[in-house]
Amino acid sequence: MKLHNRRTFIKKSAALGALAASGLLNSAPANSAWLAENFRPGKLDQTLRQLFKDAALNETDKITIKIPQIAENGAVVPITISSSLDAVQRIFILVEKNPVPLAAQFDLSPELLPFVSARIKMAETSDVIVIAQSNGAFYRAKERVKVTIGGCGG
Amino acid sequence: MSSIKIRSKRIDGNTQIRTLIAHPMEHGRNRDPMTNALIPAHFIQELIVKHNDKIVATCTMGASISKDPYFAFLLKGGEPGDKITISWVDNLGGQDVEEHLLK
Amino acid sequence: MLKNICSNKSVQTANRSKLAPCILCLVALLFFALPLQADPAQDQAQFRRHYRQLFPSLQLADYANGVYAIDPVARESWLAIEEFPPYEPAIEQGERLFNTPFNDGHRYADCLPGTAIAHEYPKWDKKKGEVITLAKAINDCRLAHHETALNDEKGDMASLLAFIAYRSRGKPIAISIPEDDPRALAAYQQGRDFYYLRRGQLNFACATCHVQNAGKFLRSDRLSPSLGHTASWPTYRLKWGETGTLHRRFIECLQQIKAQPLPAQSTEFRNLEYFLSFMSNGIPITGPSTRK
């Protein structure tokens, strides 16, 4: 069972070699140059271009984003992502209006289902965009979340 | 004292792995209320999840992840006695690791 | 919304619709020169009647979850966070602290009547002649054994309270006002008076938001009812990013209405907690909790 998975994993890694060369795949732990590039403050569009170059980000209904419509507190917004896309290798979470739009990137082995939960910070009302990489192609979905000012000033 | 807590539970033949980590996840733009000095950025940059010593998830993140980060994953299958290892590294070189055995 | 609050007449009772008959009652009482003695049981019944009218579908136990019992969107967010609540490290830290002996060899267990005790506090202490909250009991224990007092708002105190609350979960709040000591009733009454007195630049009483306007929106926040307020402490407030105490929240509330804050565990706050806890008798402890 494990051997099969490893072989599959290695095959996939080889196939993704081209992408690795393009700088999208990061197998080195805490590659500081890559981190500095993609977790830099900037607008959403800039960040998307940086991450995906000119790859198409296909709108899909096969990504489910569970997130509250109104965030109680922008500091902690729970999000759960699942997908019925085939062989999801990566999930990206971006927050449109955050100073650093990229919140996180999850590289998932085939041993994991296409599912992840996290708690994210949101600076203000904005879109939360989820991008999934499936068989080398990219798919996107989004949800709008309202971030409100508290009652007595917090 | 580990900063990492790990929980697991079986759901429909799969294993949900949840983790809660004690970490300030400071983005570096906050000011100390007493001194008004900028609080330096201090956040986890990479989190690795292993199943029986094999990496199953590599998570790279910035300070847009909430303080005391929480993550959940769904492992296909999973047997009692399987080992889950979660480790993190932050931007200041801090790190921690924790193990959890599936029941 | 703010207009409604500003035009509100200052009254001792929270139930505006009963204003006219209450004035008559007051006049009648004054005429017969009877002292205005607090009647906690009556206060409690009136308190609950008010909220039953506001929230007819809620059971008593539901009030322990505060705003999450009445705001479905906030509730969804809260439940997601309860999957792995951020107060868990505080519970573990609290257990460690509880089991660590003092330098003189004594332990918290020597002072406190167990660990599943959160529902019985605050208590009236006849010997000391004051209301003892759980936090005060903890610090009194420390001082008696030559340890320094803990900060009453956060840190180790919050952790100890989290551990004890966790052990007490599900136990119905059971506060008593002993009849053999009139000072206990006086302390309850002071707490009650504090709760209903308007104060600060915004001239709000606790009752203004949490009784008269419970369930309504103050900007984007839905105001929680005071019934059940003491059941869920200590709390990991998302705003604080850590676990903090009820008195820390009292201080914050006073600051938010631009009133002079009082120190945590001051007599006023302990009496206020006595009043609020008595109002919530029967509601199960749900602390520690997460709140925004």
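In what follows, the accompanying structure is described.

Digging into the sheet that holds strand β5 (residues 235-237) of chain C
All names here are of chain C. The strand order across the open sheet built from three strands is β6-β5-β7, with neighbouring strands paired in mixed fashion. The strands lining the two open edges of the sheet, one partner per strand, are β6 (242-244) and β7 (289-291). Strand-to-strand, the axes of this sheet are offset by a mean angle of 40°, without reference to chain direction. Relative to β6, β5 runs antiparallel, the two sharing three bridges. In the sheet register, Tyr-236 faces β6, and the bridge partner there is Thr-243.

Focus: the packing of helix α6 (residues 134-144) of chain C against helix α7 (residues 155-167) of chain C
All names here are of chain C. One can describe the packing of α6 onto α7 by two numbers: an axis separation of 11 Å at closest approach and a directional angle of 115°. The two elements α6 and α7 meet at a crossing, and its hand is right-handed. Between α6, through Leu-134, Ala-135 and Ile-138, and α7, the contact on the second element is made entirely by Met-157, Leu-160, Leu-161 and Ile-164. Class assignment of the residues belonging to the contact of α6 with α7 gives a composition of seven nonpolar, no polar and no charged.

With respect to helix α10 (residues 246-256) of chain C
Residues and elements named next belong to chain C. Listed in full, the buried residues belonging to α10 are Leu-246, His-247, Arg-248, Phe-250 and Ile-251. Taken together, the buried residues of α10 touch β6 and α11 (267-279). Where α10 ends, the next residue or the one after it, Lys-258, has phi of about 60°, a positive value.

Examining the interface of chain B and chain C
On the chain C side, the residues contacting the eight residues of chain B number six residues. Secondary-structure elements contributing two or more residues to the side of chain B that touches chain C are β1 (4-11) and β2 (14-21) of chain B. Along the lines of polarity and charge, the residues of the side of chain B that touches chain C split into three nonpolar, no polar and five charged.

Parameters at a glance
- Residues numbered from 1 in each chain as written.
- Chains lettered and ligands numbered in written order.
- Predicted model: local features only at pLDDT ≥ 70, side-chain atom pairs only at ≥ 80, totals over all residues.
- Pairing = 2+ DSSP bridges.
- Helix = DSSP H or I, 4+ residues; strand = E, 2+ residues; numbered from the N terminus.
- Axes fitted to C-alpha atoms, helices over the stretch in contact; angles between N-to-C directions.
- Left-handed = near helix turned anticlockwise from the far one by under 90°.
- Contact = placed C-beta atoms within 7 Å.
- Nonpolar A, V, L, I, M, F, W, Y, C, P; charged D, E, K, R; others polar.
- Buried ≥ 20, exposed ≤ 12 C-beta atoms within 10 Å, placed from the backbone.

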